[in-house]
Amino acid sequence: MRFASLGKTILCFLVLFSFLVSFHAESTEAAYSFQAKVTADVLNVRSKPGTTYSIVGKVSKGQVVTVLEQKNGWSRISYGTKSGWVSSKYLTAITWTGYVTATKLNLRSTPGGSVIGTLSKGTALTVYGKDGTWLKVYSSSIRKTGWVSASYVTTQKPIIKATYTKLVFKVNSNLRKGPGTSYPILSTESAGTFVDKLSEKDGWVQVKKLNGMIGWVSASLVRDPATVLKGRVIVLDAGHGGYDSGARGVTFLEKNLTFTTTLTLTPLLQKAGAKVILTRSTDKYLTLAQRVNISNYYKANAFLSLHYNAYSTTSTGLMTFYYNYSKDAPLARSIQNGIVASTKLRNMGAKYGNYHVLRDNRQPAALVELGFLSNPYEEKLVATSSYQQKAAQGLYNGLFLYFLPR
Ligand SMILES: [Zn+2]
(Lines give C-alpha, C1' and ligand atoms only; values in the text may rest on other atoms or scores of the structure.)
Protein backbone atom coordinates (compact mmCIF):
# COMPACT_ATOMS: atom_id res chain seq x y z
CA MET A 1 0.00 0.00 0.00
CA ARG A 2 2.75 2.40 1.00
CA PHE A 3 4.55 1.70 -2.27
CA ALA A 4 1.37 1.93 -4.26
CA SER A 5 0.84 5.45 -3.00
CA LEU A 6 4.49 6.18 -3.70
CA GLY A 7 3.79 4.96 -7.20
CA LYS A 8 0.86 7.33 -7.46
CA THR A 9 3.02 10.19 -6.26
CA ILE A 10 5.56 9.42 -8.95
CA LEU A 11 2.76 9.22 -11.49
CA CYS A 12 1.50 12.64 -10.44
CA PHE A 13 4.96 14.02 -11.06
CA LEU A 14 5.03 12.36 -14.43
CA VAL A 15 1.64 13.72 -15.38
CA LEU A 16 2.66 17.16 -14.16
CA PHE A 17 5.93 16.85 -16.03
CA SER A 18 4.25 15.91 -19.27
CA PHE A 19 1.83 18.75 -18.71
CA LEU A 20 4.72 21.20 -18.30
CA VAL A 21 6.44 19.82 -21.38
CA SER A 22 3.26 20.11 -23.38
CA PHE A 23 2.78 23.62 -22.09
CA HIS A 24 6.06 24.60 -23.68
CA ALA A 25 5.99 22.45 -26.77
CA GLU A 26 2.44 22.90 -27.96
CA SER A 27 1.55 19.33 -28.97
CA THR A 28 3.42 16.81 -26.88
CA GLU A 29 1.67 13.52 -26.33
CA ALA A 30 1.70 11.65 -23.06
CA ALA A 31 4.60 9.22 -23.20
CA TYR A 32 2.25 6.30 -22.65
CA SER A 33 -1.38 5.41 -22.39
CA PHE A 34 -2.90 4.54 -19.07
CA GLN A 35 -6.17 3.77 -17.38
CA ALA A 36 -7.96 6.47 -15.43
CA LYS A 37 -11.16 6.76 -13.45
CA VAL A 38 -13.68 9.59 -13.90
CA THR A 39 -14.13 11.61 -10.69
CA ALA A 40 -16.83 14.08 -11.84
CA ASP A 41 -20.49 13.00 -11.60
CA VAL A 42 -20.90 13.58 -15.34
CA LEU A 43 -18.03 14.61 -17.56
CA ASN A 44 -18.48 16.02 -21.05
CA VAL A 45 -16.44 14.48 -23.83
CA ARG A 46 -15.58 17.02 -26.48
CA SER A 47 -14.37 16.81 -30.05
CA LYS A 48 -11.25 18.88 -29.31
CA PRO A 49 -9.36 20.05 -26.19
CA GLY A 50 -11.38 23.06 -24.98
CA THR A 51 -14.79 23.98 -23.58
CA THR A 52 -15.74 25.75 -26.80
CA TYR A 53 -15.71 22.53 -28.82
CA SER A 54 -18.76 20.39 -29.36
CA ILE A 55 -19.87 17.74 -26.87
CA VAL A 56 -19.60 14.30 -28.47
CA GLY A 57 -20.39 12.20 -25.42
CA LYS A 58 -20.52 11.89 -21.67
CA VAL A 59 -18.74 9.71 -19.14
CA SER A 60 -19.83 9.30 -15.55
CA LYS A 61 -18.29 8.95 -12.14
CA GLY A 62 -16.30 5.78 -11.56
CA GLN A 63 -16.10 4.93 -15.24
CA VAL A 64 -12.69 3.66 -16.34
CA VAL A 65 -11.28 5.17 -19.52
CA THR A 66 -7.99 4.90 -21.39
CA VAL A 67 -5.97 8.10 -21.56
CA LEU A 68 -4.20 8.17 -24.93
CA GLU A 69 -2.75 11.66 -24.93
CA GLN A 70 -2.59 14.74 -22.68
CA LYS A 71 -2.37 18.37 -23.70
CA ASN A 72 -2.93 21.70 -21.91
CA GLY A 73 -4.98 20.22 -19.08
CA TRP A 74 -6.99 18.05 -21.46
CA SER A 75 -6.85 14.32 -21.97
CA ARG A 76 -7.76 12.43 -25.10
CA ILE A 77 -9.57 9.34 -23.90
CA SER A 78 -11.08 6.23 -25.37
CA TYR A 79 -13.95 4.39 -23.76
CA GLY A 80 -15.70 1.48 -25.40
CA THR A 81 -15.65 2.26 -29.11
CA LYS A 82 -15.74 6.04 -28.61
CA SER A 83 -13.07 8.66 -28.03
CA GLY A 84 -12.74 12.40 -27.39
CA TRP A 85 -11.31 15.01 -25.06
CA VAL A 86 -12.08 15.59 -21.38
CA SER A 87 -10.68 17.93 -18.76
CA SER A 88 -7.75 16.18 -17.03
CA LYS A 89 -8.94 17.61 -13.67
CA TYR A 90 -11.70 15.02 -13.46
CA LEU A 91 -9.55 11.95 -14.04
CA THR A 92 -7.43 9.95 -11.61
CA ALA A 93 -4.85 7.58 -12.98
CA ILE A 94 -5.23 3.99 -11.92
CA THR A 95 -2.38 1.62 -11.58
CA TRP A 96 -2.55 -2.15 -11.45
CA THR A 97 -0.28 -4.77 -10.00
CA GLY A 98 1.61 -7.01 -12.38
CA TYR A 99 3.92 -9.93 -11.68
CA VAL A 100 7.12 -10.86 -13.49
CA THR A 101 6.84 -14.19 -15.33
CA ALA A 102 10.39 -14.33 -16.74
CA THR A 103 13.24 -15.78 -14.67
CA LYS A 104 15.06 -12.46 -15.11
CA LEU A 105 13.39 -9.37 -16.55
CA ASN A 106 15.29 -6.24 -17.55
CA LEU A 107 13.99 -2.90 -16.35
CA ARG A 108 14.82 -0.26 -18.96
CA SER A 109 15.07 3.54 -18.91
CA THR A 110 12.77 3.90 -21.93
CA PRO A 111 10.83 1.42 -24.09
CA GLY A 112 13.66 -0.73 -25.49
CA GLY A 113 16.25 1.56 -23.87
CA SER A 114 19.21 0.84 -21.61
CA VAL A 115 18.95 -1.65 -18.74
CA ILE A 116 18.70 0.02 -15.33
CA GLY A 117 17.80 -3.01 -13.26
CA THR A 118 16.89 -6.70 -13.22
CA LEU A 119 13.67 -8.11 -11.78
CA SER A 120 13.31 -11.70 -10.70
CA LYS A 121 10.38 -14.02 -11.33
CA GLY A 122 7.29 -13.29 -9.26
CA THR A 123 8.32 -9.69 -8.44
CA ALA A 124 5.27 -7.45 -7.97
CA LEU A 125 5.23 -4.29 -10.08
CA THR A 126 3.03 -1.20 -10.05
CA VAL A 127 2.01 -0.73 -13.65
CA TYR A 128 1.17 2.85 -14.70
CA GLY A 129 0.46 2.37 -18.35
CA LYS A 130 1.83 1.21 -21.66
CA ASP A 131 3.50 2.29 -24.83
CA GLY A 132 2.99 -0.32 -27.51
CA THR A 133 4.36 -3.56 -26.11
CA TRP A 134 6.12 -1.83 -23.21
CA LEU A 135 4.81 -1.20 -19.74
CA LYS A 136 5.79 1.69 -17.51
CA VAL A 137 6.30 0.19 -14.06
CA TYR A 138 7.55 0.92 -10.59
CA SER A 139 9.36 -1.83 -8.69
CA SER A 140 9.32 -1.38 -4.94
CA SER A 141 11.94 -4.12 -4.58
CA ILE A 142 14.61 -2.13 -6.44
CA ARG A 143 12.87 1.25 -5.96
CA LYS A 144 13.07 2.17 -9.60
CA THR A 145 10.68 3.29 -12.26
CA GLY A 146 11.26 2.09 -15.79
CA TRP A 147 9.97 0.07 -18.70
CA VAL A 148 9.56 -3.66 -19.11
CA SER A 149 8.32 -5.84 -21.95
CA ALA A 150 4.60 -6.51 -21.47
CA SER A 151 5.08 -10.14 -22.57
CA TYR A 152 6.67 -11.00 -19.24
CA VAL A 153 4.14 -9.41 -16.91
CA THR A 154 0.90 -11.03 -15.79
CA THR A 155 -1.97 -9.85 -13.61
CA GLN A 156 -2.10 -13.35 -12.11
CA LYS A 157 -0.54 -13.41 -8.68
CA PRO A 158 1.95 -16.27 -8.68
CA ILE A 159 1.13 -19.15 -6.37
CA ILE A 160 4.20 -19.69 -4.25
CA LYS A 161 4.05 -23.34 -3.32
CA ALA A 162 5.16 -23.76 0.23
CA THR A 163 7.20 -26.88 0.70
CA TYR A 164 5.88 -28.63 3.75
CA THR A 165 7.36 -31.62 5.46
CA LYS A 166 5.28 -34.69 4.77
CA LEU A 167 4.22 -36.87 7.66
CA VAL A 168 2.41 -40.18 7.70
CA PHE A 169 0.13 -41.62 10.40
CA LYS A 170 1.81 -44.64 12.00
CA VAL A 171 -1.42 -46.06 13.39
CA ASN A 172 -5.11 -45.15 13.23
CA SER A 173 -5.25 -41.87 15.16
CA ASN A 174 -7.53 -39.01 16.07
CA LEU A 175 -7.05 -35.59 14.54
CA ARG A 176 -7.95 -32.93 17.14
CA LYS A 177 -8.88 -29.27 17.13
CA GLY A 178 -5.95 -28.32 19.36
CA PRO A 179 -2.66 -29.65 20.75
CA GLY A 180 -3.95 -31.94 23.52
CA THR A 181 -6.36 -34.78 24.26
CA SER A 182 -8.83 -32.32 25.83
CA TYR A 183 -9.57 -30.83 22.41
CA PRO A 184 -12.48 -32.23 20.39
CA ILE A 185 -11.83 -34.89 17.74
CA LEU A 186 -12.16 -33.63 14.17
CA SER A 187 -11.63 -36.95 12.39
CA THR A 188 -10.03 -40.36 12.75
CA GLU A 189 -7.21 -41.01 10.32
CA SER A 190 -6.07 -44.45 9.27
CA ALA A 191 -2.48 -45.66 9.38
CA GLY A 192 -0.68 -44.69 6.18
CA THR A 193 -2.52 -41.38 5.66
CA PHE A 194 -0.19 -38.65 4.41
CA VAL A 195 -0.41 -35.06 5.71
CA ASP A 196 1.60 -31.83 5.57
CA LYS A 197 3.23 -30.64 8.76
CA LEU A 198 2.38 -27.00 9.54
CA SER A 199 3.71 -26.41 13.05
CA GLU A 200 4.66 -28.08 16.31
CA LYS A 201 3.78 -27.42 19.96
CA ASP A 202 4.26 -29.33 23.23
CA GLY A 203 4.79 -32.72 21.58
CA TRP A 204 1.87 -32.18 19.18
CA VAL A 205 2.03 -31.37 15.50
CA GLN A 206 -0.39 -29.30 13.49
CA VAL A 207 -1.07 -31.01 10.19
CA LYS A 208 -3.02 -30.37 7.02
CA LYS A 209 -4.88 -33.15 5.23
CA LEU A 210 -5.07 -33.46 1.44
CA ASN A 211 -8.65 -32.13 1.60
CA GLY A 212 -7.39 -29.01 3.39
CA MET A 213 -8.60 -29.93 6.87
CA ILE A 214 -6.21 -28.75 9.58
CA GLY A 215 -5.86 -30.39 12.98
CA TRP A 216 -3.47 -31.59 15.67
CA VAL A 217 -2.03 -35.01 16.37
CA SER A 218 0.41 -36.28 18.98
CA ALA A 219 3.93 -36.29 17.50
CA SER A 220 4.35 -39.92 18.59
CA LEU A 221 1.58 -41.02 16.19
CA VAL A 222 3.13 -39.66 13.00
CA ARG A 223 6.51 -40.05 11.32
CA ASP A 224 8.58 -38.88 8.39
CA PRO A 225 7.62 -41.29 5.56
CA ALA A 226 11.21 -41.25 4.28
CA THR A 227 12.32 -43.10 7.41
CA VAL A 228 9.87 -46.01 7.09
CA LEU A 229 11.81 -48.29 4.75
CA LYS A 230 15.21 -46.66 5.18
CA GLY A 231 17.88 -49.18 6.19
CA ARG A 232 15.44 -52.11 6.32
CA VAL A 233 16.96 -55.37 5.18
CA ILE A 234 14.49 -57.00 2.81
CA VAL A 235 15.18 -60.41 1.29
CA LEU A 236 13.24 -61.08 -1.90
CA ASP A 237 13.01 -64.71 -2.88
CA ALA A 238 12.00 -65.37 -6.48
CA GLY A 239 10.33 -68.78 -6.16
CA HIS A 240 11.81 -71.74 -8.09
CA GLY A 241 14.63 -71.38 -10.68
CA GLY A 242 16.94 -73.44 -12.86
CA TYR A 243 15.49 -76.90 -13.62
CA ASP A 244 12.67 -76.19 -11.15
CA SER A 245 10.24 -74.24 -13.31
CA GLY A 246 7.45 -74.18 -10.76
CA ALA A 247 3.94 -73.88 -12.18
CA ARG A 248 3.49 -73.79 -15.97
CA GLY A 249 0.91 -71.75 -17.78
CA VAL A 250 0.18 -71.95 -21.52
CA THR A 251 3.09 -69.62 -22.23
CA PHE A 252 4.80 -68.64 -19.01
CA LEU A 253 6.82 -70.40 -16.34
CA GLU A 254 6.41 -69.50 -12.70
CA LYS A 255 10.20 -69.19 -12.13
CA ASN A 256 10.45 -66.44 -14.76
CA LEU A 257 7.45 -64.48 -13.52
CA THR A 258 8.64 -64.56 -9.90
CA PHE A 259 12.02 -63.33 -11.08
CA THR A 260 10.41 -60.49 -13.06
CA THR A 261 8.41 -59.46 -9.98
CA THR A 262 11.50 -59.29 -7.74
CA LEU A 263 13.28 -57.17 -10.36
CA THR A 264 10.30 -54.82 -10.59
CA LEU A 265 10.01 -54.46 -6.82
CA THR A 266 13.73 -54.04 -6.08
CA PRO A 267 14.18 -50.46 -7.40
CA LEU A 268 11.05 -49.27 -5.57
CA LEU A 269 12.45 -50.48 -2.27
CA GLN A 270 15.98 -49.25 -2.99
CA LYS A 271 14.66 -45.79 -3.82
CA ALA A 272 13.04 -45.75 -0.37
CA GLY A 273 16.40 -46.55 1.22
CA ALA A 274 15.87 -50.26 1.88
CA LYS A 275 18.71 -52.77 1.57
CA VAL A 276 17.41 -55.39 -0.86
CA ILE A 277 18.92 -58.87 -1.03
CA LEU A 278 17.85 -61.29 -3.75
CA THR A 279 18.12 -65.01 -3.04
CA ARG A 280 18.83 -65.42 -6.76
CA SER A 281 19.72 -62.87 -9.39
CA THR A 282 19.85 -65.35 -12.25
CA ASP A 283 17.82 -68.35 -13.38
CA LYS A 284 19.44 -70.86 -11.07
CA TYR A 285 18.28 -73.60 -8.76
CA LEU A 286 18.44 -73.02 -5.01
CA THR A 287 17.32 -75.41 -2.30
CA LEU A 288 14.69 -74.17 0.13
CA ALA A 289 17.30 -74.36 2.91
CA GLN A 290 19.64 -72.08 0.94
CA ARG A 291 16.89 -69.50 0.61
CA VAL A 292 16.14 -69.56 4.32
CA ASN A 293 19.86 -69.35 5.17
CA ILE A 294 20.14 -66.09 3.24
CA SER A 295 17.29 -64.63 5.30
CA ASN A 296 18.79 -65.77 8.60
CA TYR A 297 22.35 -64.79 7.63
CA TYR A 298 21.39 -61.20 6.71
CA LYS A 299 18.95 -60.93 9.65
CA ALA A 300 16.25 -59.81 7.24
CA ASN A 301 13.71 -57.37 8.62
CA ALA A 302 11.34 -59.03 6.17
CA PHE A 303 11.62 -62.06 3.91
CA LEU A 304 9.21 -62.39 0.98
CA SER A 305 9.00 -65.53 -1.12
CA LEU A 306 7.18 -64.77 -4.39
CA HIS A 307 5.13 -67.36 -6.25
CA TYR A 308 2.42 -67.83 -8.86
CA ASN A 309 -0.25 -70.41 -8.24
CA ALA A 310 -1.72 -73.38 -10.09
CA TYR A 311 -4.94 -75.25 -9.44
CA SER A 312 -7.82 -75.25 -11.97
CA THR A 313 -8.42 -73.30 -15.19
CA THR A 314 -10.99 -71.15 -13.37
CA SER A 315 -9.02 -70.46 -10.16
CA THR A 316 -8.36 -66.81 -9.50
CA GLY A 317 -6.98 -64.59 -6.75
CA LEU A 318 -4.23 -63.77 -4.33
CA MET A 319 -3.14 -65.28 -1.03
CA THR A 320 -0.30 -64.77 1.41
CA PHE A 321 0.96 -67.37 3.88
CA TYR A 322 2.52 -67.08 7.29
CA TYR A 323 3.85 -69.82 9.56
CA ASN A 324 4.41 -68.21 12.96
CA TYR A 325 1.36 -66.24 14.01
CA SER A 326 3.12 -63.59 16.07
CA LYS A 327 6.30 -63.27 13.96
CA ASP A 328 4.90 -63.63 10.43
CA ALA A 329 1.15 -62.94 10.38
CA PRO A 330 1.36 -59.13 10.62
CA LEU A 331 3.71 -59.08 7.61
CA ALA A 332 1.52 -61.53 5.65
CA ARG A 333 -1.66 -59.55 6.37
CA SER A 334 -0.05 -56.29 5.39
CA ILE A 335 1.33 -57.77 2.15
CA GLN A 336 -2.03 -59.34 1.30
CA ASN A 337 -3.85 -56.02 1.84
CA GLY A 338 -1.26 -54.22 -0.29
CA ILE A 339 -1.46 -56.53 -3.30
CA VAL A 340 -5.26 -56.83 -3.21
CA ALA A 341 -5.67 -53.03 -3.12
CA SER A 342 -3.17 -52.53 -5.91
CA THR A 343 -4.06 -55.37 -8.35
CA LYS A 344 -7.80 -55.65 -7.52
CA LEU A 345 -7.59 -59.44 -7.89
CA ARG A 346 -9.77 -61.67 -5.65
CA ASN A 347 -8.76 -61.63 -2.00
CA MET A 348 -8.21 -65.19 -0.78
CA GLY A 349 -6.76 -63.91 2.47
CA ALA A 350 -3.64 -64.21 4.57
CA LYS A 351 -3.46 -67.72 6.04
CA TYR A 352 -1.35 -70.28 7.80
CA GLY A 353 0.94 -72.35 5.59
CA ASN A 354 3.51 -74.96 6.61
CA TYR A 355 6.20 -74.04 4.09
CA HIS A 356 9.89 -74.70 4.54
CA VAL A 357 10.95 -71.10 3.74
CA LEU A 358 8.61 -69.88 6.50
CA ARG A 359 9.00 -72.66 9.02
CA ASP A 360 12.81 -72.52 9.27
CA ASN A 361 12.98 -68.75 8.93
CA ARG A 362 14.02 -66.89 12.09
CA GLN A 363 13.08 -63.57 10.48
CA PRO A 364 9.56 -62.19 9.75
CA ALA A 365 8.59 -64.06 6.59
CA ALA A 366 5.68 -64.42 4.19
CA LEU A 367 5.03 -66.45 1.03
CA VAL A 368 2.94 -64.68 -1.59
CA GLU A 369 0.88 -66.24 -4.39
CA LEU A 370 0.35 -63.56 -7.03
CA GLY A 371 -2.25 -65.20 -9.27
CA PHE A 372 -3.07 -68.49 -11.05
CA LEU A 373 -1.07 -69.64 -14.07
CA SER A 374 -3.49 -72.59 -14.44
CA ASN A 375 -6.15 -70.05 -15.43
CA PRO A 376 -5.27 -68.93 -19.01
CA TYR A 377 -6.90 -65.52 -18.52
CA GLU A 378 -5.08 -64.88 -15.28
CA GLU A 379 -1.83 -66.17 -16.77
CA LYS A 380 -2.07 -63.58 -19.55
CA LEU A 381 -2.91 -60.86 -17.06
CA VAL A 382 -0.12 -61.52 -14.57
CA ALA A 383 2.46 -61.61 -17.37
CA THR A 384 1.68 -58.05 -18.46
CA SER A 385 4.07 -55.32 -17.39
CA SER A 386 1.14 -53.33 -16.04
CA TYR A 387 0.22 -56.18 -13.68
CA GLN A 388 3.87 -56.58 -12.67
CA GLN A 389 4.00 -52.87 -11.81
CA LYS A 390 0.80 -53.11 -9.77
CA ALA A 391 1.96 -56.26 -7.99
CA ALA A 392 5.33 -54.66 -7.16
CA GLN A 393 3.61 -51.49 -5.94
CA GLY A 394 1.21 -53.56 -3.85
CA LEU A 395 4.10 -55.50 -2.27
CA TYR A 396 5.89 -52.19 -1.67
CA ASN A 397 2.80 -50.68 -0.02
CA GLY A 398 2.38 -53.79 2.09
CA LEU A 399 5.98 -53.55 3.30
CA PHE A 400 5.61 -49.81 3.89
CA LEU A 401 2.51 -50.31 6.06
CA TYR A 402 4.14 -53.23 7.88
CA PHE A 403 7.17 -51.16 8.85
CA LEU A 404 5.18 -47.96 9.47
CA PRO A 405 4.55 -48.49 13.23
CA ARG A 406 7.86 -50.35 13.71
ZN1 LIG B 1 5.73 -71.65 -6.43
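Before reading further, recall that the structure is shown in the block above.
Everything numeric here is computed off the predicted structure, so don't read it as measured data. (Residues numbered from 1 in each chain as written. Predicted model: local features only at pLDDT ≥ 70, side-chain atom pairs only at ≥ 80, totals over all residues. Heavy atoms only, no water.)

S.K.: When you look at the coordination of the zinc ion in this model, what are you seeing that I'm missing?
M.R.: As a benchmark, a tetrahedral metal site with four donors has ideal angles of 109.5 degrees, while an octahedral site with six donors has ideal angles of 90 or 180 degrees. Within the protein, the atoms that donate to the zinc ion are His240 (NE2), Glu254 (OE) and His307 (ND1), at distances of 2.1 to 2.2 Å. The sequence pattern formed by the donor residues of the zinc ion is H-x13-E-x52-H. Of this pair, Glu254 sits in helix H2 (residues 254-271) while His307 sits in strand S24 (residues 302-309), and the two are 53 residues apart along the sequence. A single burial state applies to Glu254 and to His307, both of which are buried. (Donors = N, O, S within 2.8 Å, 3.2 Å for Na, K, Ca; no water. Helix = DSSP H or I, 4+ residues; strand = E, 2+ residues; numbered from the N terminus. Buried < 20%, exposed > 50% of the residue type's maximum accessible area, 1.4 Å probe, protein only.)

S.K.: What exactly am I supposed to notice about the pattern of salt bridges here?
M.R.: A side chain with one charge can pair with a side chain of the opposite charge if their charged atoms come near. The final tally for this structure, using the stated rule, is eight salt bridges. A salt bridge links Glu200 to Lys197, with the shortest nitrogen-to-oxygen separation between them at 2.8 Å. Its relative accessible area of 51% is what places Glu200 among the exposed residues. On the accessibility criterion, Lys197 (25% relative accessible area) is partly exposed. Note that Asp283 and Lys255 form a salt bridge whose closest N and O atoms lie 3.0 Å from each other. With a gap of 28 residues between them, Asp283 in the loop between strand S23 (275-278) and helix H3 (288-297) and Lys255 in helix H2 connect regions that are remote in the sequence. Using a relative accessible area of 43% as the deciding quantity, one classes Asp283 as partly exposed. For Lys255, a relative accessible area of 9% translates into the label buried. (Salt bridge = Lys/Arg side-chain N within 4 Å of Asp/Glu carboxyl O.)

Function cannot be read off these values alone, since they describe shape.
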